[in-house]
Amino acid sequence: MAGVEISGLRVVRGGTEVLRDLTFSVETGQVTGLLGPSGCGKTTLMRAIVGVQRITAGSVTVFGERAGSAGLRSRIGYVTQAPSVYDDLTVEENLAFFAAVLGVDPGRVDTCVRLVDLEAERAKVAGRLSGGQRSRVSLAVALLGEPALIVLDEPTVGLDPVLRRDLWQTFHGLADQGAAVFVSSHVMDEANRCDRLLLMREGRIIADDTPAALLEKTGTEEIEAAFLDLVAKAGS
Amino acid sequence: MNPRITLAVTRRVLIQLRRDRRTSAMLVVLPCVIMTLLWWMFQDQPDFGFTALAAALLALIPFIIMFLVTSVTTLRERTSGTLERLLAMPMGKGDFLVGYALAFGLVAAVQSGLAVALSVWALDLDVAGPVWLLLVVAIVDAVLGSALGLFVSAFARTEFQAVQFMPALVIPQILLCGLFIPREDLPPVLHAVSDVLPLSYAVDAMRKVTAHTDPAVWGDLFLVAAFAAAALVLGALTLRRQSD
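All values derive from a computational prediction rather than experimental measurement.

**Q** Go over the overall build of chain A, please, and point to the residues and values.
**A** Of regular secondary structure, chain A possesses seven helices and ten strands. The principal-axis extent of the C-alpha atoms belonging to chain A is close to 55 × 35 × 35 Å. By sequence separation, contacts in chain A at least 24 residues apart represent 67% of the contacts at least 6 residues apart.

**Q** Give me the interface of chain B and chain A: which residues, what numbers.
**A** Taken together, the 22 residues of chain B in the interface contact 23 residues of chain A. Elements with a minimum of two residues in the side of chain B that touches chain A: α1 (3–19) and α4 (82–87) of chain B. Partitioned by chemical class, the residues of the side of chain B that touches chain A number eight nonpolar, six polar and eight charged.

**Q** Quick rundown of the packing of helix α2 (residues 91–102) of chain A against α1(B)? Include the residues and the values.
**A** Relative to each other, α2(A) and α1(B) sit at 160°, their axes nearing to 8 Å. Comparing their axes, α1(B) and α2(A) come out roughly antiparallel. Relative to α1(B), the crossing made by α2(A) is left-handed. Contact residues: E93(A), F97(A), A100(A) and V101(A) in α2(A); R4(B), I5(B), A8(B), R12(B) and I15(B) in α1(B).

**Q** Kindly report on unusual backbone geometry, identifying the contributing residues and their values.
**A** All names here are of chain A. Even without glycine at this site, D21 takes up a positive phi of about 55°. Tracing the backbone through its elements, the reader meets D21 in strand β2 (residues 16–27). Here D21 falls in the partly exposed class, since 14 other C-beta atoms lie within 10 Å of it.

**Q** Which residues make up the pairing of strand β4 (residues 57–62) of chain A, and what values go with them?
**A** Residue and element names in this part refer to chain A. In terms of strand pairing, strand β1 (residues 2–13) meets β4 through five bridges, oriented antiparallel. Looking at β4, one finds that I6 is bridged to V60. Across two bridges, the pairing between β4 and strand β5 (residues 65–66) is antiparallel. Each residue of the ladder has a partner; that of V62, found in β5, is E65. Linking β4 to β5, which pair antiparallel, is a turn of two residues; within it F63 sits at a positive phi near 45°.

**Q** Tell me what's going on with the pairing of strand β10 (residues 204–209) of chain A, and back it up with residues and numbers.
**A** Residues and elements named next belong to chain A. Alignment of strand β9 (residues 196–201) against β10, held across five bridges, turns out to be antiparallel. What sits directly across from L197, in β10, is D209. Counting the residues in the hairpin turn of β9 and β10 gives two residues, including E202, whose phi is positive at 45°.

**Q** Got a sec to walk through the sheet that holds β5(A)? Specific residues and values, please.
**A** For sheets, the rule is that strands pair by backbone hydrogen bonds, running either parallel or antiparallel. Spatially, the four strands line up as an open sheet ordered β2-β1-β4-β5 (chain A), and their pairing is antiparallel. Only two strands of the sheet have a single neighbouring strand rather than two, namely β2 and β5 of chain A.

**Q** Account for the sheet that holds strand β8 (residues 180–185) of chain A, with residues named and values stated.
**A** Residues and elements named next belong to chain A. Pairing is mixed in the open sheet, where six strands are placed in the order β6-β7-β8-β3-β9-β10. Each edge of the open sheet is held by one strand with a lone partner, namely β6 (76–79) and β10. Pairs of neighbouring strands in the sheet enclose a mean axial angle of 15°, with direction left out of account. Both strand β3 (residues 30–35) and β8 contribute to a ladder of six bridges, which runs parallel. Along β8, the bridge assignment pairs G33 with V183.

**Q** Explain the nonpolar core to me, using residue names and the numbers behind them.
**A** Counting residues in hydrophobic clusters, the biggest one holds 150 residues, and the most contacted among them are I49(A), L95(A), L58(B), A59(B) and M206(B). With sequence-adjacent residues up to four places away left out, L58(B) is seen in contact with S112(B), A115(B), V116(B), L134(B), A138(B) and M206(B).

Thresholds, definitions, all that
- Residues numbered from 1 in each chain as written.
- Chains lettered and ligands numbered in written order.
- Predicted model: local features only at pLDDT ≥ 70, side-chain atom pairs only at ≥ 80, totals over all residues.
- Helix = DSSP H or I, 4+ residues; strand = E, 2+ residues; numbered from the N terminus.
- Contact = placed C-beta atoms within 7 Å.
- Nonpolar A, V, L, I, M, F, W, Y, C, P; charged D, E, K, R; others polar.
- Axes fitted to C-alpha atoms, helices over the stretch in contact; angles between N-to-C directions.
- Parallel < 35°, antiparallel > 145°, perpendicular 65-115°, else oblique.
- Left-handed = near helix turned anticlockwise from the far one by under 90°.
- Buried ≥ 20, exposed ≤ 12 C-beta atoms within 10 Å, placed from the backbone.
- Pairing = 2+ DSSP bridges.
- Core = buried A, V, L, I, M, F, W, Y, C linked by C-beta atoms within 7 Å.

Structural data, given as structure tokens:
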């Protein structure tokens, strides 16, 4: 089932066309990866799906409703690149506040602290945590409402490999429970962890397939090589 | 709007303030220090000076402080991405604004409560009217300051810029509110300008409470509250769920 449906999406910001006529969908029950160099429009695309980005043309529908409509607000978890949490509140206070805003059971706070492996830090002020820990607080906030669509903008930047593996397991766990998980990254080696890949460059989707199929089509061994191959083909 | 969400915002802002011990201490202690300084200045003067100025100061202090505190806190909220996150959640703009107004109104109540208590009982401020009315004026005034601070934070990109709005919006009001020259004695144009500035009415209200046993302050108070409500509406317009 399609969680997100995008058709003919264009976004112009400050006179530059950031997204150029995108059409694709994000399925539920899968982890969909959005890969591309930084500056290619990944964040703008994610913001459009969450409904905080003003769009120029086209349509973005989430679970059949227009992106940004009030009914969707409790069903989407969005993690921005820079962690959006209160630095002067503890991990627990941050989560308790957002839980109250979402109106979810306070018990979710414990569950989400455990999910991102911050039990030892729960009484610490967020501003004193390491960069990776702070982004995990931000991730935990996004998971509070048990969202049906989870949009994660480069969630694994700067994390150690063990934790990165664990987080990807968490993402797959959420997808197995039926959520649509949409993750961006500029690290190509994370591509293999996705069920489906969208490769993006200069505001366009240049490939949309499973990692294995992409490698096969391009006759390459690594996603990075596949990406280069596709760019070369697009340019010729 | 939803009371659960509004109160969650209020609670959170108060926890943040409490965590910042230095700011909380200054919020409580500074107004008392300023009132004491003013009292000391007029020690050897005929007794009228302190009372007239103290009333004006009791109106100015909560306004200025809450203006500054709110403009910086909400600017932080805008730049850290937490505001965008909240607006992507089922939070009404009213919840956010009223949550803030409640928190800072409460802080202003404590702050002004102490300053008024000190002035009345320790510094012998003559209050002809009911003392509690001084507090009511101070709280409405603080909410006005918060609302304006919230509004201007939309036009600042950095905390430096936010702080610059203080002299721009507040000092002219201090000059024209009747503290230096009675408003009636101002040149006609400036008098007319002072008629549309909210602080003029806040100071008028404070002065009436100290001077009259049965002060007619509800008109002034209503105007200050109306300005605060208008500033909150303007503030709501700056909270955008979508941006470019």
